[in-house]
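Secondary and tertiary structure notes
The primary structure of each chain is shown beneath.
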Amino acid sequence: QKPREALAELERAVALNPSHPAAWFEHGTIAQEEYLRIRGTVFRNVSLSRPNEMGYRTTREPSFWITRASGDKDSVAQWRDVAARDFERVAATGATPERAIYGRAMVLSFEEKYAEALAELDRAVALNPYFVPAIRAEGEIREWTSNDAAKGLPWRQRLHELQPRN
């Protein structure tokens, strides 16, 4: 219920100011969340335990557990299209283009068009090398598509540089 209320408030905001990039971005982000909820979300856990003084169990290779929770497919295209439209509107305002590009990249990744999503994320990071969501997403997509946690390490390292406590 809360996402629907937030969407209604954001729709009122863009009715007052159709060129408000933050409102369009937030609306698109909520639409993406609805898209994922209905489409089904892929869950992945990685075990990269290493031996140390704390006694963690040794694993030689990363262990992946992958599951997909399915949902009602009737509304999937509708929410995807709303999110894509909203991110295009962010881009049309000319403000925060990295957010619009990031949004498009996430829609592409949800459609499993990973190479296109990575190209968009590269563009977002080129525009703003401090844009944490794009850096995080790029690392996760590279790990996911390769089934190798090491493939995301350069992006994880960059995240650590930007946010050492996370």
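Right, let's walk through the structure included here. (Residues numbered from 1 in each chain as written. Predicted model: local features only at pLDDT ≥ 70, side-chain atom pairs only at ≥ 80, totals over all residues. Heavy atoms only, no water.)

Points about the packing of helix α4 (residues 97–110) against helix α5 (residues 114–127)
Formally: Orientation is described by axes fitted as lines to C-alpha atoms, over the contacting stretch for helices, and by angles from 0 to 180 degrees between their N-to-C directions. A helix here means a DSSP run of H or I that spans at least four residues, while a strand means a run of E at least two residues long, and both kinds are numbered starting from the N terminus. An angle counts as roughly parallel when it lies under 35 degrees, as roughly antiparallel when it exceeds 145, as roughly perpendicular when it falls between 65 and 115, and as oblique in every other case. What makes a crossing left-handed is the near helix being turned counterclockwise from the far one by less than a right angle; a clockwise turn instead makes it right-handed. We call two residues contacting when some pair of their heavy atoms lies within 4.5 Å.
In the contact formed by α4 and α5, the axes pass within 8 Å of each other and the chain directions differ by 165 degrees. One way to sum up the angle between α4 and α5 is to call them roughly antiparallel. In this structure, the crossing between α4 and α5 has a hand that is left-handed. Facing α4, whose interface residues are Pro97, Glu98, Ile101, Tyr102, Arg104, Ala105, Leu108 and Ser109, α5 presents Tyr114, Glu116, Ala117, Glu120, Leu121, Arg123, Ala124 and Leu127.

Digging into unusual backbone geometry
You will see that Glu112, though not glycine, has its phi angle at about 65 degrees, which is positive. In this structure, Glu112 sits in the loop between α4 and α5. Of note in the backbone geometry, Asn147 takes a positive phi value of approximately 55 degrees without being a glycine. On the secondary structure map, Asn147 appears in the loop between α6 (132–146) and α7 (153–162).

Some remarks on the environment of Val14
Here is the rule: A 1.4 Å probe rolled over the protein chains alone gives each residue an accessible area, and that area as a share of the maximum for its type sets the label: buried under 20%, exposed over 50%, partly exposed in between.
By secondary structure assignment, the location of Val14 is in helix α1 (residues 2–16). Judged by its relative accessible area of 9%, Val14 falls in the buried class. As a C-alpha pair, Val14 and Trp24 span ten residues in sequence and 7.2 Å in three-dimensional space. Other than its neighbours up to four places away in sequence, Val14 contacts Ala23 and Trp24.

Section: helix α3 (residues 76–93)
An α-helical segment advances 3.6 residues per turn. Residues three or four places apart therefore align on the same side. Using the following cut-off: One less than the number of residues in a helix, times 1.5 Å, gives the span that helix is expected to have. For this quantity, the arc is that covered by the directions from the helix axis to the C-beta atoms.
Here α3 contains 18 residues, and its C-alpha end-to-end distance of 26 Å stays within 8% of the 26 Å for a straight helix at 1.5 Å per residue. Those residues of α3 that sit buried are Val76, Trp79, Val82, Ala83, Asp86, Phe87 and Val90. Along the axis of α3, the buried residues cluster in a sector spanning 140 degrees; they form a single face. Backbone geometry just downstream of α3 places Gly94 in the positive-phi region, at approximately 80 degrees.

Focus on the packing of aromatic side chains
Threshold: Each Phe, Tyr or Trp ring, with Trp reduced to its six-membered ring, pairs with another whose centre is within 6.5 Å; inter-plane angles below 30 degrees give stacked pairs, above 60 give edge-to-face pairs, and intermediate values give tilted ones.
Scanning all chains against the criterion turns up two aromatic pairs. Geometrically, the ring pair formed by Tyr102 and Phe131 is edge-to-face, given 5.6 Å between the ring centres and 85 degrees between the ring planes. On the criterion of sequence distance, the pair formed by Tyr102 in helix α4 and Phe131 in the loop between α5 and α6 is long-range, its members being 29 residues apart. Per residue, the accessibility class of Tyr102 equals that of Phe131, and both read buried.

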